[in-house]
Amino acid sequence: AYVASHDLQEPLRMVASFTQLLERKLGDKLDDQGKQYVQFAVDGATRMQQLINDLLTYSRAETQARDLTVIDGRVPVELALKNLAILVQEKGAEVEVGEIPSVVADQGQLTQVFQNLIANGIKFNRSAPPRVTVSARRKGGFVEFCIEDNGIGIDPQFADRIFVIFQRLNSRGEFGGTGIGLAVCKKIVERHGGKIWLEPQDSGSRFLFTIKGKP
Ligand code: ADP
């Protein structure tokens, strides 16, 4: 996946930039239909660039993984929230974080997991204000994390499908995204020897995942 997506970037960059040039150069000479065709080509190329970037992100979850060490579990949550500060502010979201124990993990990757799950809880949400709760509890040798939101919820029949790369339940119109976030979370959690799943919920969504606790 890494080699394919990396090598696809260059020819695609050519397609994207030359269709944009064509649009600029022919702008006035084209009729409305011609303009629409060029616009479709530009949109398609731009979208494919986004998908290829996502494929690279997905592939890097393996190629750029670091060793697992004992870390304070609060740190990746705080880093994720720092990265999401603009989204939280724009949406007026409230994120509540409970006690988080230490875990054995790659801090950068765990940050990515929290970031994707918290961002989804805010994004797929029409409540005012959007609210996300992060909590954790020890369970055997593991720590079980729970990320809950008051958003639009997920039909339980799609509980597995949402973790597959590029699978999305909503049209692109209302909610942006390419369907990579949960696939990356699954890959990272499983590389850590844990599990991730969606728990049925009457309203909102509730994601759980496990990571080995500090021995
Ligand atoms: P993306 O966010 O880029 O669409 P994800 O892999 O993160 O991709 O999520 C896949 C799909 O699962 C989303 O498109 C959305 O339909 C659904 N989904 C994920 N998280 C939530 C959530 N917290 N509430 C409702 N739907 C969600």
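Remember, predicted model here, so these are calculated numbers, not experimental data.

Participant: Can you walk me through helix α6 (residues 181-191) in this structure?
Facilitator: Each turn of an α-helix holds 3.6 residues, which means side chains three or four residues apart point in the same direction. The buried fraction of α6 is high, at eight of eleven residues. Within α6, burial applies to Gly181, Leu182, Ala183, Val184, Cys185, Lys187, Ile188 and Val189. Looking at the buried residues of α6, the elements they touch are α2 (32-63), α5 (107-123), β6 (196-198) and β7 (206-212). At the C-terminal side of α6, Gly193 shows a positive phi close to 80 degrees.

Participant: Hey, could you run me through the site of the ligand in this one?
Facilitator: As a matter of local geometry, the ligand sits amid 21 residues, with Asn120, Arg168, Asn170, Gly179 and Leu182 nearest to it. Between the ligand and the protein, one listed contact pairs an oxygen atom with a side-chain N or O atom of Lys123 at 3.0 Å. Relative to its unbound accessible area of 540 Å², the ligand is 97% covered by the protein chains. Here the ligand occupies the largest pocket. Sorting the residues of the shell around the ligand by element identifies α5 and α6 as the ones contributing at least two each. In the shell around the ligand, the residues fall into eight nonpolar, ten polar and three charged.

Cut-off values and rules
Residues numbered from 1 in each chain as written. Predicted model: local features only at pLDDT ≥ 70, side-chain atom pairs only at ≥ 80, totals over all residues. Heavy atoms only, no water. Buried < 20%, exposed > 50% of the residue type's maximum accessible area, 1.4 Å probe, protein only. Helix = DSSP H or I, 4+ residues; strand = E, 2+ residues; numbered from the N terminus. Contact = heavy atoms within 4.5 Å. Near = heavy atom within 4 Å. Polar contact = N/O pair within 3.5 Å; in protein donor to acceptor, adjacent residues only side chain to side chain. Areas by Shrake-Rupley, 256 points an atom, 1.4 Å probe, with all protein chains shown as cover. 1 Å grid on protein atoms, 1.4 Å probe; cavity = no way out; pocket = protein on both sides within 12 Å on 5 of 7 lines; lining within 4 Å. Sits in = over half its atoms within 2 Å of the grid points. Nonpolar A, V, L, I, M, F, W, Y, C, P; charged D, E, K, R; others polar.

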